[in-house]
Amino acid sequence: AALGLYFPRKEYLENVYIDEPAGMPLLRIHALKDSQDEMAHFHLCQNLIISRARSHENNWFQIREKTGLLYLSKSLDREDFNMLSVGNWMPLPKVMLYVFLSSHPFQEKECDSATRTAVFLSLINATAPACSSLTARQLCFTEMDLSFHIRENKPPGTFHQLQLPSVHHLCQNLSISYKLLAAEGVPFRYNENTTSVRVTQRLDREERERYELIAKCTVREGFREMQVEVPFLVNVLDEDDSPPFLPNGTDTADAVVEFNRKEGTVLATLTVYDADTTPIYPLESSRKKYTGTIITDDPWISETFRVEHIFDEIHFSPNGSQVRGTRHEY
């Protein structure tokens, strides 16, 4: 099924300080394609959501339609801060906005139907700290986990930028460089010039479901050098693209019934494996996917015997990496 463009993260987090200048870049959001010829267009819709009960017109944040760069369109002053954080019980007031995605320039009515991701902005009741007071961890990475979801069988593309736009903008006298540490042959590439990470080929979840890499950052200031490493995880999302298979190739089992069998006696079993899907809940939806039937013209047999279906999650190990699947027992 063609699902269209999608976000490789469920949500994004960033800090906003008082009196940062208009034009200040905050965050870069990426999209991945469902088919090669799509173009991504980003758009902010609706108000800022301040808490479950309140929202406010968005006067401060804007996104570049073609690049996904979220930036301050107006400086957030103390008055704005007080207005947005009033009644906000959290120690760090947060506002949320939705970024929407479309394969063509945006029409406002699309805001309800389009693919979206949530951006949480923590409002900090202080001006931006001096670069020299930040730790290497703060200069290199946000508080977000570097954890991504990439759909299998989809075209390659850029899905993250390691350099933080706000730090790059504010701390220009620091040298900050990155490396992506990975085993040989993994399908991800880091570009030093753009600090972006791309998936280089279509992924196959039945071959590998999870990649664990490390992002390493080096900060140089004069003669001082600091390094920090964080996990960089990619989960491959499943598409139902592999047929179920039978371990011994047969999809029927013969049952021989002897007299005086008690109710509940198992007469025959049949096993089906599915490397593609894991048991989904509600369980009935996993059950409906496959059915077991007794082939007979005899109504007495249909009334007297029944097929039971139980299933559980199992692990396959292609190429030594664990992939989840389902075993169905009839």
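Residues numbered from 1 in each chain as written. Predicted model: local features only at pLDDT ≥ 70, side-chain atom pairs only at ≥ 80, totals over all residues. Heavy atoms only, no water.

- The name that an unreviewed UniProt entry assigns to the protein chain is RET kinase, with the source organism given as Pardalotus punctatus.
- In the Subcellular location (unreviewed entry) part of its UniProt record, the protein chain is described as follows: "Membrane". (UniProt positions renumbered as here; feature names shortened; annotations may be inferred.)

### Focus on the UniProt feature "domain: Cadherin" (unreviewed entry) in the protein chain
- The UniProt entry lists residues 142-246 under the feature "domain: Cadherin" (unreviewed entry), expressed in the numbering used here.
- For residues 142-246, helix accounts for 6% and strand for 50%, while the C-alpha atoms at its two ends are 47 Å apart. (Helix = DSSP H or I, 4+ residues; strand = E, 2+ residues; numbered from the N terminus.)

### Examining the pattern of salt bridges
- For the structure shown, the criterion picks out 14 salt bridges.
- Between Glu209 and Arg205 there is a salt bridge, with the nearest N and O atoms lying 2.9 Å from each other. When sorted by exposure, Glu209 lands in the same class as Arg205, which is buried.
- The closest approach of N and O atoms between Glu225 and Arg220, which form a salt bridge, is 3.0 Å.
- By relative accessible area, Arg220 is classed as partly exposed at 35%.
- Among the ionic contacts, a cluster of salt bridges with common partners joins Arg205, Glu206, Glu209, Asp238 and Arg324. (Salt bridge = Lys/Arg side-chain N within 4 Å of Asp/Glu carboxyl O. Buried < 20%, exposed > 50% of the residue type's maximum accessible area, 1.4 Å probe, protein only.)

### Description of the sheet that holds strand S12 (residues 188-191)
- Within the open sheet, the 3 strands sit side by side as S10-S13-S12. Their pairing is antiparallel. What marks the edges here is a single partner per strand, and that holds for strand S10 (157-161) and S12. Put simply, the sheet's adjacent strands are angled 30 degrees from each other on average, direction ignored.
- In the sheet, S10 pairs with strand S13 (residues 196-199) via 4 bridges, with the strands oriented antiparallel. Its bridge partner lying in S13, His160 is registered against Val197. (Pairing = 2+ DSSP bridges. Axes fitted to C-alpha atoms, helices over the stretch in contact; angles between N-to-C directions.)

### Observations concerning the nonpolar core
- One finds Phe141, Ile150, Phe159, Leu162, Phe188 and Phe232 to be the most contacted residues of the largest nonpolar core, which totals 35 residues.
- Of all the secondary-structure elements, those providing two or more residues to this core are helix H2 (136-140), strand S9 (146-151), strand S11 (175-181), S12, S13, strand S14 (210-221) and strand S15 (224-237).
- Dropping the residues within four chain positions of it, Phe188 is found in contact with Ile150, Phe159, Arg198, Val199, Thr200, Leu203, Tyr211, Leu213 and Val234.
- Leu5, Phe7, Leu76 and Met144 belong to the second-largest nonpolar core, a separate cluster that totals 30 residues. (Core = buried A, V, L, I, M, F, W, Y, C linked by side-chain atoms within 4.5 Å. Contact = heavy atoms within 4.5 Å.)

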